[in-house]
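Listed below are the residues making up each chain.
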Amino acid sequence: MTVAVLRCTLRLPSRTLKEKRTIVKSVVERLRNRFNASVAEIEDLDDVGVATIAAAVLSNSSQHADRQAQTIAAAIEGWRLDCEVIDISVELLEA
């Protein structure tokens, strides 16, 4: 069993936490609906200008899990988001 964990850091144009939550919620819901992955904001919860989002994919094949995580990363980079993608990393965990 393999778990692929994608971590994405975004720079947001928000000035308040309410604006930030609106942007982050949109990205999280879009990822959940399109990829059927577990997605959540994991860090920088009180920083209005930065958001760190993680997506997790579980598979019996490490190649499939990695491919799915790479597809999610490509989608985030390709979407016309109201924010700047600072960093995206993928980690594979074997169990």
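Residues numbered from 1 in each chain as written. Predicted model: local features only at pLDDT ≥ 70, side-chain atom pairs only at ≥ 80, totals over all residues. Heavy atoms only, no water.

Draft legend 1. Representation of the side chain of Ser 59 within the structure. Position of Ser 59 among the secondary structure elements: in strand 3 (residues 50–59). Residue Ser 59 is classed as buried on the basis of its relative accessible area, which comes to 10%. Of the polar contacts made by the side chain of Ser 59, one reaches the backbone nitrogen of Ser 61; its length is 3.1 Å. If we skip the residues at most four places from it in the chain, Ser 59 touches Met 1, Thr 2, His 64 and Ala 65. (Helix = DSSP H or I, 4+ residues; strand = E, 2+ residues; numbered from the N terminus. Buried < 20%, exposed > 50% of the residue type's maximum accessible area, 1.4 Å probe, protein only. Polar contact = N/O pair within 3.5 Å; in protein donor to acceptor, adjacent residues only side chain to side chain. Contact = heavy atoms within 4.5 Å.)

Draft legend 2. How the structure looks around the pattern of salt bridges. Using the criterion set out here, one finds five salt bridges in the structure. Here Arg 7 and Glu 43 are joined by a salt bridge, their closest N and O atoms 2.7 Å apart. Here the residue Arg 7 occupies a position in strand 1 (residues 2–11), and Glu 43 occupies one in strand 2 (residues 38–43), the gap between them amounting to 36 residues. Since its relative accessible area comes to 34%, Glu 43 is described here as partly exposed. Note that Arg 32 and Glu 29 form a salt bridge whose closest N and O atoms lie 3.0 Å from each other. Of this pair, Arg 32 and Glu 29 both sit in helix 1 (residues 17–35), three residues apart, which is roughly one turn of the helix. Since its relative accessible area comes to 35%, Arg 32 is described here as partly exposed. (Salt bridge = Lys/Arg side-chain N within 4 Å of Asp/Glu carboxyl O.)

Draft legend 3. Geometry of the packing of helix 1 against helix 2 (residues 62–78). For the pair helix 1 and helix 2, the least separation of the axes is 12 Å and the interaxial angle reads 135°. Taken together, the axis directions place helix 1 and helix 2 in an arrangement best described as oblique. With respect to the hand of their crossing, helix 1 and helix 2 are arranged in right-handed fashion. Residues Leu 31, Arg 34 and Phe 35 of helix 1 touch helix 2, and the partners they reach there are Gln 68, Thr 71, Ile 72, Ala 75 and Ile 76. In terms of residue class, the contact of helix 1 with helix 2 is built from five nonpolar, two polar and one charged. (Axes fitted to C-alpha atoms, helices over the stretch in contact; angles between N-to-C directions. Parallel < 35°, antiparallel > 145°, perpendicular 65-115°, else oblique. Left-handed = near helix turned anticlockwise from the far one by under 90°. Nonpolar A, V, L, I, M, F, W, Y, C, P; charged D, E, K, R; others polar.)

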